[in-house]
Amino acid sequence: MEIEKLIKSTVSLEIAKKVILNFTYTQNVIGDKFHEILKPFDISREQYNVLRILRGQKGLPANMCVIQERMLSKNSNTTRLIDKLLLKKYVTREVCPDNRRKIEVLITQKGLDILRELDPIVLEHEQLFANNLTSGELEQLNSLLEKYRTIKNEI
C-alpha cells in the first residue's frame, strides 16, 4: 500500500518526503514486530544488540567503548544496558586487571542460551520481510539503503 494511503495524506507529497515517511513507517513496522518477539524474553532491542555484540567476541571481553561503537543505536546508554543485563545474569562485568579505569564485559552461559533460543525466531522474523523480495531485490535494497544514509556535504 502506498505511504499516502497508509498515513491518510490528502496532499501530494514530494518524493524526498515520501521516501523518509516510507522508511520511518517501515522501520516502525519491523521494530514493532521485533519488539513482540523479544517481549516474552524480557529484553529490549538494545539489550539484544549488546548480547549479540558480546557473543561475537567469542569468549573475549569487550569494554564499554567497543560495545558502544558496535551498537546499532548510537544513542543507547551502554552502562544502563549492561546494568540491566547484569541483573538478569546475562553478562558479567569486571575491572580490567591491566587498566583499572577500563571495564570488561563478558556474556555468560545464560546470555548465550537466550540468544540460542532467540536465533531461530529472529531468523524467521527476518525471513518474514525478506520473502516479499527476490534475492536480487534484497541486494539492491541493501545497496540503496547504504547509499541513501550517506550524506554528502556538498555546498
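**Q** Would you explain the overall build of the protein chain in this entry?
**A** Across its full length, the protein chain holds seven helices and three strands. For the protein chain, the N- to C-terminal ordering of α and β elements is α-α-α-β-α-α-β-β-α-α. Taking 15 Å as the expected radius of gyration for a compact globule of 155 residues, we find that the protein chain reaches 19 Å, considerably beyond that expectation. By its C-alpha atoms, the protein chain is 60 × 45 × 30 Å across when sized along the principal axes. Within the protein chain, contacts between residues at least 6 apart in sequence are counted, and of these 48% link residues at least 24 apart. Placing the 25 positive and 21 negative side-chain charges of the protein chain at their respective mean positions leaves the two points 4 Å apart.

**Q** Help me out: how do you make sense of the side chain of T78 in this one?
**A** Position of T78 among the secondary structure elements: in helix 5 (residues 78-87). Apart from the residues lying within four places of it in its own chain, the contact partners of T78 are M64, I67 and Q68.

**Q** Teacher, can you tell me more about helix 5 here?
**A** Three- or four-residue spacings in an α-helix give side chains the same orientation, since the helix completes a turn every 3.6 residues. Regarding helix 5, the residues found buried are T78, L81, I82 and L85. The buried residues of helix 5 occupy an angular sector of 95 degrees when projected down its axis, which confines them to one face. Close packing links the buried residues of helix 5 with helix 3 (45-55), helix 4 (64-70), strand 2 (91-95) and strand 3 (103-107). With its phi angle positive at about 65 degrees, K89 sits one or two positions after the end of helix 5.

**Q** Honestly, the pattern of salt bridges in this entry has me stumped. Any pointers?
**A** If the charged atoms of two oppositely charged side chains come close together, the side chains can form a pair. Summed over all chains, the structure comprises four salt bridges. Close ionic contact of R55 with D119 constitutes a salt bridge, the shortest N to O distance being 2.8 Å. Placement of the pair is R55 in helix 3 and D119 in helix 6 (residues 109-130), with a sequence separation of 64 residues. The exposure class assigned to R55 is partly exposed, which follows from its relative accessible area of 28%. When the shortest N-O distance is used, the salt bridge between D83 and R93 registers 2.5 Å. Of this pair, D83 sits in helix 5 while R93 is found in strand 2, placing the two residues ten residues apart along the sequence. With a relative accessible area of 35%, R93 lands in the partly exposed category.

**Q** Mind showing me how you'd approach the pairing of strand 3 here?
**A** The two faces of the sheet receive side chains in turn, since in a regular strand these alternate between them. As defined by bridge partners, strand 1 (residues 62-63) adjoins strand 3 across two bridges and the pair is classed as antiparallel. Bridge pairing in strand 3 places A62 opposite V105. Alignment of strand 2 against strand 3, held across five bridges, turns out to be antiparallel. Its bridge partner being in strand 3, V91 is matched across the sheet by I107.

**Q** When you look at the side chain of H125 in this model, what are you seeing that I'm missing?
**A** Mapped onto the elements, H125 comes out in helix 6. Residue classification places H125 among the buried positions, given a relative accessible area of 7%. Excluding residues that lie within four positions of it along the chain, H125 makes contacts with I30, K33, F34 and I37.

**Q** Could you clarify how one ought to interpret the environment of K88 in this entry?
**A** Tracing the sequence through the fold places K88 in the loop between helix 5 and strand 2. Measuring from C-alpha to C-alpha, the distance between K88 and I43 comes to 9.4 Å, with 45 residues separating the pair along the chain. Beyond its immediate stretch of four places on either side in the chain, K88 contacts D42, I43, Q47 and K110.

Analysis parameters
- Residues numbered from 1 in each chain as written.
- Predicted model: local features only at pLDDT ≥ 70, side-chain atom pairs only at ≥ 80, totals over all residues.
- Heavy atoms only, no water.
- Helix = DSSP H or I, 4+ residues; strand = E, 2+ residues; numbered from the N terminus.
- Rg over C-alpha atoms; globule rule 2.2 N^0.38 Å.
- Contact = heavy atoms within 4.5 Å.
- Lys, Arg positive; Asp, Glu negative; His and termini not counted.
- Charge placed at Lys NZ, Arg CZ, Asp CG, Glu CD.
- Buried < 20%, exposed > 50% of the residue type's maximum accessible area, 1.4 Å probe, protein only.
- Arc of directions from axis to C-beta.
- Salt bridge = Lys/Arg side-chain N within 4 Å of Asp/Glu carboxyl O.
- Pairing = 2+ DSSP bridges.

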